[in-house]
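Report on the structure
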2 protein chains.
Amino acid sequence: MYIEVFSLNSELDHYDSRILAELQSDARISMAELGRRVHLSQPAVTERVRKLESSGVITGYRATVNVNRLGYGIRAVMRVSRAEYARVVKLIGQTPEVINAYNITGEDSWLLEIAVIDVAHLDAVVTKFCILTETSTAIILNAARENYPILPARQENVKPLIKKTTTA
Amino acid sequence: MYIEVFSLNSELDHYDSRILAELQSDARISMAELGRRVHLSQPAVTERVRKLESSGVITGYRATVNVNRLGYGIRAVMRVSRAEYARVVKLIGQTPEVINAYNITGEDSWLLEIAVIDVAHLDAVVTKFCILTETSTAIILNAARENYPILPARQENVKPLIKKTTTA
DNA sequence: CATGAAAGTAACTCTCG
DNA sequence: CGAGAGTTACTTTCATG
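Residues numbered from 1 in each chain as written. Chains lettered and ligands numbered in written order. Predicted model: local features only at pLDDT ≥ 70, side-chain atom pairs only at ≥ 80, totals over all residues. Heavy atoms only, no water.

Size of an interface: often given as the accessible area lost when the parts come together. In this complex, chain A contributes 73 residues to the contact, which on the side of chain B involves 73 residues. Here chain A is connected to chain B by two salt bridges. A salt bridge links Arg79 of chain B to Asp108 of chain A; the nearest nitrogen and oxygen atoms lie 3.9 Å apart. The interface formed by chain A and chain B contains 49 residue pairs in polar contact (both at pLDDT 80 or more). (Contact = heavy atoms within 4.5 Å. Salt bridge = Lys/Arg side-chain N within 4 Å of Asp/Glu carboxyl O. Polar contact = N/O pair within 3.5 Å; in protein donor to acceptor, adjacent residues only side chain to side chain.)

And the structure:
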């Protein structure tokens, strides 16, 4: 018999994966409809969703919007070089154009994704960060993939460094 | 009198902004509750949401998940140098670890955001793309901001290159 | 399974061009 | 006077104990 390889998500079964897939593709379906899709009763699926929320697997539900339709002609990514951490965080907090801000490894310690109205607006935002440190900006031409649904990491995807061994 | 400066979102009024803000912070509230928050009746707010959807302003609703809780220990960004467009797109299609894939300007023509289980898994994904062209990977240490809500670009935020002029 | 809330539908009102 | 948007009232569907 094989030794079980447990992971952080060992408690998530097939039903939970189905639920997560459905809610990542449409977060506004009713629990009744979700139950139909995953073949569970409505109270059963509601209880599972509640547990996924309270255990922190599901962190929220958000409408996704088309930034172009909202008047933002340009999306861009800015690489921001090392600078005093607190100052960068503060500046991000003062910049609503920043949609995502990642602190990353390497020479560029920050990667920001921004949405701006036009080139003049882009210039204004870049300048705000240039005052702090060096930046490098690239405009997003298109997205081949966006917010791809994430399913629980499965054991067959894991390539363990230590092979499973048999018990005595 | 000033010439009106129209933009793509000129039809979006204060109510629509409120609706967009609410649905980006919680996409699962009922239309009745949304109506209460923005001070409109349930049928009225439902109709506005329907129009925002059909006009392409709202593109969908998604549950957001904690990738760590799903067994992915590492999030990273990969910069991928110029390569045959179709081959990159095809490879992205074959790689579920890619959450976001942006085609960008500059030397690195692609920026990919990925979620992987561990270093061995990261190595496997990076190698897939290294075969095609040069890559540069940085691990995401933390996110100072994620999916910041986007509101309609407002005229007071726009710095027009051509100033408003008076009519004859 | 029963009760209360929410969604969908229809008829009516109000305002504005 | 007609078009558009909102409200109220009512029926069906959904959520919750």
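Read on for the rest.
Take the domain arrangement of chain A next. Here the domain parsing of chain A yields domain 1 (14-55) and domain 2 (67-139). Spacing between the C-alpha centres of domain 1 of chain A and domain 2 of chain A amounts to 36 Å. (Domains from an automatic or database assignment.)

Counted by the stated rule, this structure contains two aromatic pairs over all chains. Ring centres of Tyr85 of chain A and Trp110 of chain A lie 5.5 Å apart, and the angle between their planes is 40°; this geometry places the pair in the tilted category. Residue Tyr85 of chain A is located in helix H4 (residues 85-93), and its partner Trp110 of chain A is located in strand S4 (residues 108-116); the two are separated by 25 residues in the primary sequence. Since its relative accessible area comes to 1%, Trp110 of chain A is described here as buried. For Arg28 of chain A, the ring lying beneath its charged end belongs to Tyr61 of chain B, and the centroid distance is 5.7 Å. (Phe/Tyr/Trp six-rings, centres within 6.5 Å; stacked < 30°, edge-to-face > 60°. Helix = DSSP H or I, 4+ residues; strand = E, 2+ residues; numbered from the N terminus. Buried < 20%, exposed > 50% of the residue type's maximum accessible area, 1.4 Å probe, protein only. Lys NZ or Arg CZ within 6 Å of the ring centre and 35° of its normal.)

Pairing in this closed barrel of eight strands is antiparallel, and the strands run S2(A)-S4(A)-S3(A)-S5(B)-S2(B)-S4(B)-S3(B)-S5(A) around the ring. Pairs of neighbouring strands in the sheet enclose a mean axial angle of 35°, with direction left out of account. Summarising the sheet, strand S5 (residues 135-145) of chain A and strand S3 (residues 98-104) of chain B pair through four bridges and their orientation is antiparallel. Bridged to Ala143 of chain A within S3 of chain B is Tyr102 of chain B. Those strands touched by helix H4 (residues 85-93) of chain B are S5 of chain A together with S3 and strand S4 (108-116) of chain B, and its axis lies near 10° from that of S4 of chain B. (Pairing = 2+ DSSP bridges. Axes fitted to C-alpha atoms, helices over the stretch in contact; angles between N-to-C directions.)

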